[in-house]
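Examination of the molecular architecture
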Amino acid sequence: MGEDREILREIWDGRIPISFSLSSDDCCTLSPPDPHYLMVPRMSYFPIVLDKVKKYFTRSINSDLKIDEIWLDFEGIPLKWNYPIGVLFDLHTGGKTIPWPLTVHFSNFPEESIIRCRSRFIVLLSCHSIYREAIESHFLAAVKEADAFKHRGQVVKNMQMQDHKQLWTGLCNDKFDQFWTINRKLMDCNGEEGFKYIPFRLFLKDEVPIQRLQKPFGEDGSRLTLEDLLKNVLPRTLNENYRVTIQGIEPPWDTPLQWLSEHLSHPDNFLYLCVLQSEL
Amino acid sequence: MISYAEFVKSCQFFININKNLEDDWREVKEDVDLTYYLVKQRCTHGHLLSSKPEKNILENDDSLSLKELESELPEDPLCINKENLDIFSIEYHIVYNMGFCVPILYFNIWDANGKLFSLTDVWKIFANLYPEILHNKWNSITQGHHPHNGKPYFYCHPCNTEKVMKFMKKHDSEEYEDVKYYIPNWLNIYGAAFGLSVPSKYCCEKNQKTF
């Protein structure tokens, strides 16, 4: 993996410019506040980066609205905060709309489509940091699930609590070395053998993400490629008009899966593939 | 660990028994690969869910000890206002997880007004039964998107399921050998934790080897 460290670093440094505008439903000032602009890491999650946005809009919303009821939409579709920001961007815009215009809401939480972070009984259980706790818990659950695919969960099982913490804080604080010191272990693949299965989530617009068992090598030991995965997952519908984006990049379809998994996975160790129909 | 095919086989076995017992589990099969799961909906009183098992399910001495336990518990200040919220509507799903190769129980709870419960509400309900939940909240019950319909549901993370099932196998090898018993046996543990039990009749019939 050593020689491709630069690629890991490039991927880690991916940023998306976002413009946050306050929903007119929640605005209490005569003229709406200006949009708030942020450069946000692709690898990160909205609950980690929204503190500044909350603070910025605090003065412009009704005092009876709760700042932790925050949620975002793009073109009317609520964003699922438990997926990495870069994945949401690729899926919803095809990587094309820059800066990404998002609407910020503090009311009418769409609890039937996205997970709620805040509780109605917040005082009693001292959940002041529940938003952060929720995303940390989602992240670590995904890391464990990814390791179940890759190593039958053996690597995560042998890690210490502090290793899990280091992965998380490395991501939150944008510390590449801190994160990769631990993540290296999760990417261990016994030399030629590769992972048992490639942990991936394939997104088609407006559909639930697809997961399947996908080996990195064929029966004859040949390297399986992105195209093999697409044929496995979308056998009936796959055609040349599909654009497959991973980390905002369209990798050639003959790229080996094992390499993709080691280098283009998100910090939760899942490879996120966004499959979009190209515009003709 | 069970394969997806074994999961489906065991679910079908379970559904067939349930038909005889007039339990209300039903199968959901979508026109996409690997999307077989089971669903059950029911209404219950909140205090039944959180503090004692259903009457018709546990008819043995265990229910006595739970009743005793309940009478010893002080009135819980966290308890939800009974007048408004005593009737809950619950939906359970048994779904296969491909990474861990085990089933997961997903569920949602709504109050009498159709309001979806929050994660903290759910922690509180089940903390009445299992106080240790509050010390390990995120590892006991959490919320995630249902793999087949995409909506938010509560679930217990499956990273220990395999260990628990292995432990059970050790103690009751004959019953656990046949993979078709996997779902009923698993539900006995993971369902019971969330207000759901495998009818005792099922166990009786199974012991008589009528299936």
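As the structure is a computational prediction, the values presented were derived from the model and not from experiment. (Residues numbered from 1 in each chain as written. Chains lettered and ligands numbered in written order. Predicted model: local features only at pLDDT ≥ 70, side-chain atom pairs only at ≥ 80, totals over all residues. Heavy atoms only, no water.)

**Concerning the confidence of the model for chain B**
Residue and element names in this part refer to chain B. Of all residues in chain B, 67% have pLDDT values of 70 or greater, and the mean over the chain is 75. Every residue in residues 52-67 is under pLDDT 50, and counting partners more than four places away or in other chains gives twelve contacts. Two numbers describe this predicted complex: its pTM, 0.85, and its ipTM, 0.87. (pLDDT = per-residue confidence, 0-100. Contact = heavy atoms within 4.5 Å.)

**Here's the deal with the environment of Pro99(A)**
Residues and elements named next belong to chain A. Tracing the sequence through the fold places proline 99 in the loop between helix H4 (85-93) and strand S5 (100-105). For the pair proline 99 and asparagine 173, spaced 74 residues apart in the sequence, the C-alpha separation amounts to 23 Å. Contacts of proline 99, omitting those with residues within four sequence positions, involve Pro17, Ile18, Ser19 and Tyr37. (Helix = DSSP H or I, 4+ residues; strand = E, 2+ residues; numbered from the N terminus.)

**Some details on the pattern of salt bridges**
As enumerated under the stated definition, the model contains 13 salt bridges over all chains in all. Two residues, Arg201(A) and Glu145(A), come together in a salt bridge whose shortest N-O distance is 3.7 Å. Of this pair, Arg201(A) sits in strand S6 (residues 200-204) while Glu145(A) is found in helix H5 (residues 130-151), placing the two residues 56 residues apart along the sequence. Of the two residues, Arg201(A) and Glu145(A), neither departs from the other in class, the shared state being buried. Across the salt bridge formed by Lys40(B) and Asp24(B), the nearest N and O atoms sit 3.0 Å from each other. Of this pair, Lys40(B) sits in strand S2 (residues 36-45) while Asp24(B) sits in the loop between helix H1 (4-21) and strand S1 (26-29); the two residues are 16 residues apart in sequence, bridging distant segments of the chain. (Salt bridge = Lys/Arg side-chain N within 4 Å of Asp/Glu carboxyl O. Buried < 20%, exposed > 50% of the residue type's maximum accessible area, 1.4 Å probe, protein only.)

**Some words on the layout of surface pockets**
Space inside the second largest pocket adds up to approximately 1,100 Å³. Lining the second largest pocket are 48 residues; nearest its centre among them are Val208(A), Pro209(A), Ile210(A), Gln211(A) and Pro147(B). The set of elements that each furnish at least two residues to the lining of the second largest pocket consists of H5 and S6 of chain A together with strand S3 (87-97), strand S4 (102-110) and strand S5 (142-145) of chain B. (1 Å grid on protein atoms, 1.4 Å probe; cavity = no way out; pocket = protein on both sides within 12 Å on 5 of 7 lines; lining within 4 Å. Points joined across faces, edges and corners; volume = space filled by probe spheres on them.)

**Overview of the state of the cysteines**
All told, the structure shown has zero disulfides over all chains when counted by the stated rule. Here Cys189(A) is not cross-linked by a disulfide; its sulfur's nearest cysteine counterpart is in Cys101(B), at 20 Å. The thiol of Cys11(B) is unpaired, and the distance to the nearest cysteine sulfur, on Cys101(B), comes to 15 Å. Judged by relative accessible area, which is 0%, Cys11(B) ranks as buried. (Disulfide = S-S within 2.5 Å.)

**A few points about the sheet that holds strand S8 (residues 271-277) of chain A**
Within a sheet, each strand pairs with its neighbour through backbone hydrogen bonds, oriented either parallel or antiparallel. All names here are of chain A. Across the sheet, three strands lie side by side as S6-S8-S7; this open sheet has mixed pairing. Sheet topology places S6 and strand S7 (242-245) at the edges, where each strand pairs with a single neighbour. Pairs of neighbouring strands in the sheet enclose a mean axial angle of 20°, with direction left out of account. Of the pairings in the sheet, the one linking S6 to S8 comprises five bridges and is parallel in character. (Pairing = 2+ DSSP bridges. Axes fitted to C-alpha atoms, helices over the stretch in contact; angles between N-to-C directions.)

**Observations concerning the UniProt feature "domain: Autophagy protein ATG5 UblA" (unreviewed entry) in chain A**
The sites that UniProt annotates as "domain: Autophagy protein ATG5 UblA" (unreviewed entry) are residues 11-106 of chain A. Along residues 11-106 of chain A one finds 23% helix and 27% strand; the C-alpha atoms at either end are 32 Å apart. (UniProt positions renumbered as here; feature names shortened; annotations may be inferred.)

**A look at the confidence of the model for chain A**
Mean pLDDT over chain A works out to 88, with 92% of the residues at or above the 70 mark. Considering only residues more than four positions removed or in separate chains, one finds that residues 119-128 of chain A, a stretch of pLDDT under 50, has 17 contacts.

**Things to note about the UniProt feature "domain: Autophagy protein ATG5 alpha-helical bundle region" (unreviewed entry) in chain A**
Within this numbering scheme, the UniProt entry marks residues 133-188 of chain A as carrying the feature "domain: Autophagy protein ATG5 alpha-helical bundle region" (unreviewed entry). Along residues 133-188 of chain A, the helical share is 82% and the strand share 0%, with 28 Å between the first and last C-alpha atoms.

**Observations regarding the packing of helix H7 (residues 161-172) of chain A against helix H8 (residues 176-186) of chain A**
Residues and elements named next belong to chain A. Relative to each other, H7 and H8 sit at 130°, their axes nearing to 8 Å. Relative to H8, H7 is oriented oblique. In terms of crossing hand, the pair formed by H7 and H8 is left-handed. Contacts between H7 and H8 involve Asp163, Gln166, Leu167, Thr169, Gly170 and Leu171 on the former and, on the latter, Gln178, Phe179, Thr181, Ile182, Asn183, Lys185 and Leu186. Taken together, the residues of the contact of H7 with H8 break down into five nonpolar, six polar and two charged. (Parallel < 35°, antiparallel > 145°, perpendicular 65-115°, else oblique. Left-handed = near helix turned anticlockwise from the far one by under 90°. Nonpolar A, V, L, I, M, F, W, Y, C, P; charged D, E, K, R; others polar.)

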